Each structure stands twice: as C-alpha cells, then as structure tokens.
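Tertiary structure, described
The chain contents come next:
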Amino acid sequence: MKKLINDPRSVVDESVEGFGMAHADLVDVHTDPIFVVRKGAPVAGKVALVSGGGSGHEPLHAGFVGHGMLDAAVPGAVFTSPTPDQIIPATAAVDSGAGVIHIVKNYTGDVLNFETAAEMAQAEGISVRSVLVNDDVAVEDSLYTAGRRGVGGTVLVEKIAGAAAERGDSLEAVAGVAEGVVRNVRTMGVALSGCTVPHAGVPSFELADDEIEIGIGIHGEPGRHRIAMEGADAITSRLLDPVLEDLGIKAGEEVLLFVNGMGGTPLSELYIVYRRAAQILAERGAKVERSLVGNYVTSLEMQGCSISVLRLDDELTTLWDAPVHTPALRWGM
Amino acid sequence: MKKLINDPRSVVDESVEGFGMAHADLVDVHTDPIFVVRKGAPVAGKVALVSGGGSGHEPLHAGFVGHGMLDAAVPGAVFTSPTPDQIIPATAAVDSGAGVIHIVKNYTGDVLNFETAAEMAQAEGISVRSVLVNDDVAVEDSLYTAGRRGVGGTVLVEKIAGAAAERGDSLEAVAGVAEGVVRNVRTMGVALSGCTVPHAGVPSFELADDEIEIGIGIHGEPGRHRIAMEGADAITSRLLDPVLEDLGIKAGEEVLLFVNGMGGTPLSELYIVYRRAAQILAERGAKVERSLVGNYVTSLEMQGCSISVLRLDDELTTLWDAPVHTPALRWGM
Amino acid sequence: MGLGVEWAVQWLTLSARLMSEHREELIALDRAIGDSDHGENMDRGFQAVMEKLAQTPPETPGAALKLAAMALMSKVGGAAGPLYGTAYLRAATALGENADVDAVALAGALTAARDGIVARGKAELGDKTMVDAWSPAVEAADEVLVAGGDAVAVLAAAAEAAEVGAVTTDPLVARKGRASYLGERSAGHRDPGAASSALLLRAAATAAGFPDGAAE
Amino acid sequence: MGLGVEWAVQWLTLSARLMSEHREELIALDRAIGDSDHGENMDRGFQAVMEKLAQTPPETPGAALKLAAMALMSKVGGAAGPLYGTAYLRAATALGENADVDAVALAGALTAARDGIVARGKAELGDKTMVDAWSPAVEAADEVLVAGGDAVAVLAAAAEAAEVGAVTTDPLVARKGRASYLGERSAGHRDPGAASSALLLRAAATAAGFPDGAAE
Ligand SMILES: Nc1ncnc2c1ncn2[C@@H]1O[C@H](COP(=O)(O)OP(=O)(O)O)[C@@H](O)[C@H]1O
Ligand SMILES: Nc1ncnc2c1ncn2[C@@H]1O[C@H](COP(=O)(O)OP(=O)(O)O)[C@@H](O)[C@H]1O
Ligand SMILES: [Mg+2]
Ligand SMILES: [Mg+2]
Ligand SMILES: [Mg+2]
Ligand SMILES: [Mg+2]
C-alpha cells in the first residue's frame, strides 16, 4: 500500500503542520504535545468545545475547529485516542471561564483518556462536561459490548453544539443540546475495501472482489458481517433501514440526511447512495429538510460510506443553519 | 473493482439525480439531455458561465454551479466529453442576453463538442466566448501533441471568472479574467494507483507496489513516466518544481497554492504534500497568500494528487475572495 | 445499378452489431493509450443510431447517413463523436438525394468523410488517429474507381485498406488526441479510432454483399 | 533481600526491548480483532519510558514504576495507555518508597496493578481483555507467596500464569474494548492486550533473574 507520506511515525505531525499552514487564518497548531485551537481562543464568555480522537478520520476533528464549531481538536496517533497530556492543555487553552465540553466518541480508549483529562482539568479549576457520542447502530448496545461506537454522527453533534456555544448558551445548555443530537442521530456504515494504517503497512482486512463488509466502524476494524457485493440501492437499504428502525422515524418527521464517504469512494457514488436514501425516506413519508454529502468522518483511504439520519426539530434546524467557518465546513460567513 | 453503483450505464444519471436532490436549494437538474443549472438562472444582466466535460471528476463541474461560479454544468459519460445537444440547451438556459462563456478543458473531445455547440448557439443568437484551460505542465505544449491538458487549474478559473461575472463584468471582460487565470496557473499530478471506469471494469493502469506514475491527467490515462515510489517530500518537489519553473515564479511574488486530491487519497496526506509545497515556495521567497486543499478535480477513486500554483495579483485575489455559494465551494455567504 | 437505401441501413445495422461485439476490445485499446471509453462511446452511439432508424426509416442512403451523423454527434461524445458525426454528415451531403449510389458517388462520399475528419481534427497521416484508416481507404477506393471497379469493389478495397491502415498505427507515436499525452509511450499500441474506423468500413463492404466472415 | 531499583530499571528495559521485538506481532493480533495499533502504541510508550529513565534515573522500584506510569499514560494513548498507566501507578503506590521489594510487597503490587486495570476498564475475567492475563498472574503470585516463595518465584509464577491466561483468550468472545464490536467474530483470536501483558510480566521475571530464553 503506497501512501503520500514520508515516515509512518511522522504522519500525524507533518499532516497537522501542513493543516496549520493551510489554515493559518483559522487555527493555531500546538506541537509537543500536539493539539489545534481556534484562532483567538479562548473566546470571552463562550463555552468551549473540545473534541479529539485517533487520527485517520480527517477532516474530523481538526477540520471542524473554528467559528461555530470546535474550539480545539486533539489528534492522537492514527486510530489511537489522544492522551491526557494533550487533552489537558488543549482544554486549558480554550477555556474562557465559561467551561469546556468534551465531545468524546464512545471507544474505550477515548473514554478513558478524556475521563482522566477531564478529572485533571477539573482539578485545575476548569468546569468540564463530557458528552459521549454513540450513534453506530451496527453495534449492539448491551452490557456485553463496549457499547455503541461514535461514528459519522459526531460531525453533526459538533456542528450543532458549536452553534449553541457560539450563540452564548451556558455549559449545561450546550451539553444538553449536544446530548439531544446524540439521542436523535443514528448511523450505519459499509466498507468495499479495508484501509492500511501507515505503521502497520498491510490492510486492516481484505475483502474479495465480490464481498463487502456491513456494519463497519471508522478504524478499519472488521464489521458485523460480510456479504456478497450488491447494487448501491440494495446496500443503501441495508444501512438506512436499521437506522430508521432504531430512531423510530415516523411519517411527517423532519430529518437531516448525511451520506458520509469513508475516504476512498468517489463523491459521485455518494450521490447515488444519497439518491436512494432520499427516496426511501420519501417513501416513508419523512421530510429530508437538510443534507450533507461528502467525506467528513473517514477511515483513511477506505472505500465505502455511512448513512446518518438526525431527527430535526426547529431548534436543531436553526442551530444547523447557524454560520460556521472551519476548514472543512463553512457557511453563512 | 467494487463500486457503490447500480448499473454502469446509469451511473451518471443516478449520481446527478442524487446531486440535484441533495442540493435542490442551489441547482436544477435537467434530464434528457442531462445538464445542471443554477437555481433562478438566467440571472438578469449577468454573463453566464458554462462548463462541462466527462463525468468522474466530481465535484467538478456540477459541484461548482451556484452564486459566484458556474451557471451551468454539462456532465458527459464517465471520462467522455458531453455532446452539443447537451451543451446547447444548457447554454440557452442560462443566457440572460449578456452572453455565455464556455470554460473548456483542452481535450480534443471537449474542444470539438463545445466548438460545435458554440457555433450552433451563436446561430441561435447567443453570444458565446470560449476559454480554453490548459494548465498541465506534464504535457509538452508543442505542435506534436494535442496541447496541454486542462486539469486542476480549472476550478480556479471557474471560481475567479465566476466572481467577475457575478460583479457584472461584460462578456469580454469575464473572458479576459478567465484567460488571465489560465495564463497564470500551472499544474502537475501524480498517481499512486489507477482508477476503474465503471463500464470498463478493470483499472485504467496497474502500478506495482513500488511504482508511481508521474504527470498523469484526470482521465485515468497513464502519465509521462513511471518511477519508483518515493517519500511525499520528494514527490512534492517533482510536481512543484516544473510548475514553478514553467510559471517563472520569482521571489516576492504572491501565489495561490492548491493541493488537489485525485479522489482516493486521504485528506491527511494532501496536507503532508501541502506542507512541503509551502516550504518550497517559502524557500524560493514566494508568498502563499491563498490556499486550497481537498478533492476538487478528481479521477474517480484514483490515489494521488496534483499541485497547482496560481500567480496572484490584487485583482485575482479580490475575485478569489468574493463570496461563492455552490455545493462544493462556499464562503462569504 | 448501384447501392440503395437498404444497403445504407444494412451498413448501419452491421456497424451497430460490430461496435457491440468489439466494445470491450475497443475499450482495451483505449485503456492502453487513452481513457478506456472508445468502445463504450461507439456502442452507445450506434445503439442510438438503431433507435433512430427504427423511429424514422430513411428513404435514401444520404438520409440514412445524415440520421446516423446526428445520432453519433448527440450520443457518442468525446473526440470520436464530433469526428464521426462530421464524417457521416459530409458523406451524406456528398450523396445528396440520390436513391442509388454508384462507384463514383461512393468514392466521393468516402473522400468527403475523410476530409471532414481532417477538417475537424487537423490530424495528418501518421499522427496515429482514425485518419490513418480513412486516408488509405480513400486512396484505395479511388484506385479501384480509376480501374473501373463497381461500388462493391470500391467498398471492399476501402475496407481492406482501412484494416491495413489501422495496423500501421501500432508503432506510431501519437501526435493528436489523448494518446499524444503519452509521447513515446504511445508507440506499440493500435489507435482505437483507427480500429473502429476499419470495422465501420468493413461493415459497409459486407452490407454491399462483399463476403467477409470477419464482419459477420 | 528482595529486588531493588536495578531490577525495576531492568524490568522496564527488557519490557521496551520486548515491545519493540513483538511490535509487529501485537499489531497483527490487533488487526484481527481491533484497529492494528496495539504494538505501535506499546512500542512508542516504552520508548518514552526509556527516554525518561535516561533523563531522571529513579532511586526506588516504586519511583521507576511511577515514571513508567507517567510515560505510558502520556505516550501510549488508546485503551492500553490509561489501563497500563493506572496499573503501573497503582503498583508504584503499593511499593511506596521502599528501596527493596520482597515477595509480599511484590504480590501486593501485582494485585494493585490488576485492581487498577479493573477499576478503570470494568472488565471481568473472561471478557477477553488484559485482565485475563493479569488476574491469573495475581492468583499465581498469591499462591507462591502463601507457599513461601521468594520474590523471584512470585514473578516467575505470575509470568507463567499470564502467558497461560493470554492463550485462554483465544476462544473467547470479547465483551469489552474494541474487539467486542465484532461479536462472535472475535472468537478464535488472541487478545492483543493480554498478549502484551504476558510479555511485560515475563520481562519482570527475567529481570529478577528467572531464566527464560523467550524474553531475551
Ligand atoms: N485530432 C484528431 N483527429 C482525428 N482523430 C482523432 C483526433 N483526436 C482523437 N482522434 C481519434 O479519436 C479516438 C478516440 O476516441 P474516444 O476515445 O471516443 O474519445 P476521447 O479521446 O475523447 O476519449 C482516437 O483513437 C483517434 O482515432
Ligand atoms: N475495558 C477494558 N478493560 C481491560 N482491558 C481492556 C479494556 N478495553 C480494552 N482493553 C485492552 O486494551 C487492548 C487494546 O489496546 P490498544 O489496541 O492499544 O487500544 P485501542 O483498542 O484503543 O486501539 C485490548 O486488547 C484489551 O486487552
Ligand atoms: Mg486504537
Ligand atoms: Mg474520453
Ligand atoms: Mg477515449
Ligand atoms: Mg488497538
């Protein structure tokens, strides 16, 4: 597997450095430990949003640092949660005194590292609230698993909670908004190919030419089961049906439909999936009020996609529409 | 090669249909013949911009239809230029009487089809001016070739000419702006893998695990030569040096640096390339005033990237910064 | 007596069949030095020709070729669409309203087609394009005409020469079209447009009754 | 006389060597049921431990483990970082300022480490995690202690039991950590964290002088 990199061990450092150079108007990049903060942070009086996780999901999270979204992003090694010694200074750097929300994808590593960091930041006098994102319906949410993973829905949580913070909501209020998004968003993904972690050098899994992997996460881990390749319309049903079932979407409800590429699938194919997903929602009488199509929560160069549905209400729609200005998501300004 | 499609022959139709559904606030999609126009077009008194080409380069061109950029996009079959019977009605649909610019990437097929369409549109009383984009320094511009190809620089031409049209420039003036961009932008690309055209079913070319293809276009065609795999920094020099040489960039000059993904390369790797490219420009004393990093002019799921440099002046910078609101490029509104 | 509209319709029908049968081969040729679409484009184009033929059956050979020209122009796309569109349109114009096409008219139509391709594409002989099939075909047709051959003989000679012409593109370095980007690397591969041209001219001869298993 | 700071430093040094030697093996284990990073994470973490050891040589076994805990916590990341960080920190606390560690202290430290992992990760025996290496290790250590074994014997027993424990994870269905997402598909693969735990405990025994070619 060839990669446009220099040394597997410097991938994250160099990539984040380049990111900082390309978006010097929006972000400051700290090194050693590495984290990315919004230019001009802390914003006086504003609740700050911090997220992070393993690298390899770009533009998540650093691409969403900026006005109306994150105040800081903390990139770990590829597919490895960041450590407290990165999360703590990132948290301190953006706290205006109004408190900090940690948006944490539900993985054991992320949870433990953010937990530790939050404790230590609290000990330093910073009010920290953590919000756990666990939108992946592919994983059974039971006592016998680590619980549902946080996947594509994370970007929706970050955008909407970011808008609430930007308009001046309190720490509790922003956390409430974020939790409201988490309650109302579900996701499921498919892989047509595995991906190769730079330091590993071989694909995370291999699929035959007529196989796809259903229910994948965003770390190149194998999914729930492997099936024979199908057409895009059939695959779309396989992903969307469990999402709608779990959310209990009823006729007349308004939703945001998010078709997310895993990194290596052409945009044109994402629109083919979007087309069928929108048709299915229309057949069920749901109204697609907002859409997002593109590579936002990726798994390196994996081929495949995920479909997320967020149940909207007026409040969430207003916050979704609020201006945002980050390297990877921008509107209204 | 697995693809998220239903039938190779319906790929373009279904993808454009999905695109239209996802961006119904911005575009109208016409079928049979297929073309995409800006919502509310024609815009009274405004010069209209029409571009098009083979599909498979998404978001180019349909993703750039909207305020401050294109008025219409005409998608052909995958990697196949569209036909006059698509281009003519697209041209007619967006002409406000102020005239239409055809932005044509320099390929024999695109040139011939747009030429025919322009003639016929002129015969119907529409003023049409064509601007040829030919920014690829990998191809020698001599009598013995079809001339330089139009590649990544196209998106810069469309953005900047679109801003000129939006502020009310005349047909001649917009064409002049577009030609100014063409004169000042150069591009070169690399492939780490080939891509597979849906109807062909096999990769356009195969590269060994230690080979890369230098000087590729955007149609999965083989490049100028094949070399052994190198680190990202070395590859960046290979692409950027000829670009800078050809443009004759001197110390003190201001440039826009555009690192474009070919579709299958992670964003994180594009930033590694951006990093080195920005360093090289700094070493030469050039000032990177504006940047663009992402998958904008792609070649299906090809892995690789291209680097474009545009020499800026105040006029071009102002037009680049002007508000734009399209599915794939948006700022200032 | 020359060739009538039945011949022209049969020519187009055989062409459509050949484009479908050789679709993958033409894609493979185009993959080597182009962008993998030539066979798909030609197949799609001639399917459109067949649909149009069914909708509005032409009354003269010229009308048949004009109909084909329009369908190819609007459905093939790429470089081949306008080039073949122009070729068939010029040939149709050369044939005029005649119900019956003799050797002289046929050779004239072939010349007009070739000239149309050159006028649009500006390629010269040896540039590794479809011109390398059409130019020898026109020359061979003219020779047969001068020697007193009939329409069938003219087409047979043209088909033969086009096939040879296509083969001669193998060692050439392309100077026009997409293959020219490859420079020296384009040598050693047959030009897909020359190959499709040879098939189309073979179809013309077969439709006129010249026996050839290759086209059937 | 028990084990001093030299033992602790040697333990960490051997650990770093083993993590580097088994890096690819641990990555491969994690690839099968996780995300391909465990070997890389552990290798990176123990390199950091070595750097810290060189910078500020510790004076007691407890100080050495505390230093390791801090380096692991700040450099490993993922699930393993906080778990091992907590384990080493709790062990360090259990050892206190003592310059010399006897069998009792050692068994206590192992228990503290295991309890730390369980406190953070909430995994039970049989959940297919590193607990499946640590819990048998603690039990074996306690048994040896009750039977009057010395520090070296305690560590040897722990290492032995951890290795067996790691192997017992093979058929299990994971209920904690990333492998749990796979459900039934996680069976048939060894847990990478249990495997690295066995290596680390083997290093402890080897450092104490218990001969084992596997660790060298
Ligand atoms: N300038 C030209 N003159 C004549 N024929 C040309 C020219 N350019 C291309 N061709 C022909 O067109 C063929 C390619 O057609 P096709 O693959 O359908 O279009 P595209 O190159 O746009 O993908 C070439 O093989 C060549 O025979
Ligand atoms: N809840 C838990 N309790 C105990 N150990 C755990 C738990 N979750 C994960 N582990 C251990 O961590 C190991 C994975 O570590 P690593 O690959 O470095 O982290 P990650 O899973 O975040 O990529 C697993 O093999 C398992 O032994
Ligand atoms: Mg991990
Ligand atoms: Mg083509
Ligand atoms: Mg072609
Ligand atoms: Mg792991």
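Summary of the structure given here. Just so you know, these numbers come straight off a predicted model, no measurement behind them.

1. Some details on the coordination of the magnesium ion (ligand 5)
All names here are of chain C.
- Note on the magnesium ion (ligand 5): its protein donors are D30 (OD), D35 (OD) and D37 (OD). The metal-donor distances range over 2.0 to 2.2 Å.
- When the donors of the magnesium ion (ligand 5) are listed by position in the chain, the intervening gaps give D-x4-D-x1-D.
- Here the magnesium ion (ligand 5) and the magnesium ion (ligand 4) are spaced 3.5 Å apart, linked through D35, which binds each one.

2. What to know about the site of ligand 1
- Lining the immediate surroundings of ligand 1 are 21 residues, of which D35, H38, G121, D191 and G193 of chain C lie closest.
- Around ligand 1 the close residues trace back to chains B and C.
- Separating an oxygen atom of ligand 1 from a side-chain N or O atom of D30 of chain C is a distance of 3.1 Å.
- Measuring from an oxygen atom of ligand 1, one finds a side-chain N or O atom of N41 of chain C at 3.2 Å.
- The protein chains hide 97% of the 570 Å² of surface that ligand 1 would expose on its own.

3. What to know about the site of ligand 2
Residue and element names in this part refer to chain D.
- Taken together, 21 residues are adjacent to ligand 2, and D35, H38, G121, D191 and G193 come closest.
- Between ligand 2 and A79 there is a distance of 2.9 Å, counted from an oxygen atom to a backbone nitrogen or oxygen.
- At a separation of 2.6 Å, an oxygen atom of ligand 2 approaches a polar side-chain atom of D191.
- Looking at the shell around ligand 2 element by element, the count peaks at 3 residues for helix α9 (residues 192-207).
- Of the residues assigned to the shell around ligand 2, the class counts are 7 nonpolar, 8 polar and 6 charged.

4. What to know about unusual backbone geometry
Residue and element names in this part refer to chain A.
- That bond from A41 to P42 is cis: its omega, -5 degrees, falls within 30 degrees of zero.
- Topologically, P42 is positioned in the loop between β2 (35-38) and β3 (48-55).
- With omega at 10 degrees, the peptide bond leading from E58 into P59 counts as cis.
- Mapped onto the secondary structure, P59 falls in the loop between β3 and β4 (72-78).

5. Examining the packing of helix α1 (residues 11-22) of chain A against helix α7 (residues 267-283) of chain B
- The N-to-C vectors of α1 of chain A and α7 of chain B enclose an angle of 65 degrees; their axes lie 7 Å apart at closest approach. Seen from above, α1 of chain A lies across α7 of chain B with left-handed handedness. Taken together, the residues of α7 of chain B that come into contact with α1 of chain A (itself represented by V11, E14, S15, E17, G18, F19, M21 and A22 of chain A) are S268, Y271, I272, Y274, R275, A278 and Q279 of chain B.
- Across the contact of α1 of chain A with α7 of chain B, the residue classes tally to 8 nonpolar, 4 polar and 3 charged.

6. Quick word on the relation of the copies chain A and chain B
- Screw-axis analysis of chain A against chain B gives a translation of 0.0 Å along the axis, an RMSD of 0.0 Å, and a rotation angle of 180 degrees. Given the turn and translation reported, the copies of this chain are related as if by a two-fold rotation axis. Closest to the rotation axis within chain A is the C-alpha of G264 of chain A, separated from it by 2.0 Å.
- Here 100% of the contact residues of chain A are again contact residues in chain B; the copies associate through an equivalent surface.

7. Remarks on the interface of chain C and chain B
- With 33 residues of chain C at the interface, the matching set in chain B holds 40 residues.
- One can count 4 salt bridges joining chain C with chain B.
- We note a salt bridge from R9 of chain B to D43 of chain C, for which the minimum N-O separation is 3.4 Å.
- Across the chain C-chain B interface, the total number found is 15 residue pairs in polar contact (both at pLDDT 80 or more).
- Elements represented by at least two residues in the side of chain C that touches chain B include exactly α2 (23-33), α3 (38-55), α4 (61-75) and α5 (80-95) of chain C.

8. Some words on the interface of chain A and chain B
- Listed per partner, the contact involves 53 residues of chain A and 53 residues of chain B.
- At the boundary of chain A with chain B, total buried surface from both sides reaches about 4500 Å², with 61% on carbon and sulfur atoms.
- Area buried by chain A at its contact with chain B is led by K2, L4 and Y271 of chain A, which between them contribute 20% of it.
- For the interface between chain A and chain B, the tally reads 6 salt bridges.
- When the shortest N-O distance is used, the salt bridge between E14 of chain A and R275 of chain B registers 3.9 Å.
- At the boundary of chain A with chain B, the tally comes to 22 residue pairs in polar contact (both at pLDDT 80 or more).
- Mapped onto the side of chain A that touches chain B, the elements with two or more residues apiece are α1, β8 (211-214), α6 (232-247), α7 (267-283), β11 (287-294), β12 (304-311) and β14 (330-331) of chain A.
- If one sorts the elements of the side of chain A that touches chain B by residue count, α7 of chain A sits on top with 10 residues.
- Residues belonging to the side of chain A that touches chain B are distributed by class as follows: 27 nonpolar, 14 polar and 12 charged.

The rules behind the values
Sequence order sets the numbering: in each chain, residues are counted from 1 along the sequence as written. A letter from A marks each chain and a number from 1 marks each ligand, given out in the order of writing. Reporting of local features is limited, given that this is a predicted model, to residues whose pLDDT is at least 70; pairs of side-chain atoms are given and counted only at 80 or more, and all residues count toward the totals for whole chains, interfaces and linings. Side-chain numbers here rest on the full set of heavy atoms in the structure, without hydrogens or water. Coordinating N, O and S atoms are those within 2.8 Å of the metal (3.2 Å for Na, K and Ca), and as water is not part of the atoms, a site may appear to have fewer donors than expected. In this text, near means that some heavy atom of the residue lies within 4 Å of the molecule or strand in question. Contacts described as polar in this section are N or O atom pairs within 3.5 Å, which, within protein, must combine one atom able to donate a hydrogen with one able to accept it, while residues neighboring in sequence count only if both atoms come from side chains. For the area figures, the Shrake-Rupley method with a 1.4 Å probe applies, and any residue is considered shielded solely by the protein chains shown. Only DSSP runs of H or I covering at least 4 residues are called helices, and only runs of E covering at least 2 are called strands; the numbering of each starts at the N terminus. Each residue is assigned to one of three groups, with Ala, Val, Leu, Ile, Met, Phe, Trp, Tyr, Cys and Pro labelled nonpolar, Asp, Glu, Lys and Arg labelled charged, and all others, Gly among them, labelled polar. Between N-to-C directions, angles cover 0 to 180 degrees, with each direction set by a line fitted to C-alpha atoms, over the stretch in contact for helices. Each crossing is labelled by how the near helix is turned from the far one, with a counterclockwise turn of less than a right angle marking it left-handed and a clockwise turn marking it right-handed. Contacts are residue-level and defined by heavy atoms, with any inter-residue pair within 4.5 Å sufficient. Only residues with pLDDT of at least 70 in both copies contribute their C-alpha atoms to the least-squares superposition of the copies. Salt bridge, as applied in this entry: a Lys or Arg side-chain nitrogen positioned within 4 Å of an Asp or Glu carboxyl oxygen. Defined in terms of a 1.4 Å probe, buried area is the accessible area two parts forfeit on being brought together, summed over both.

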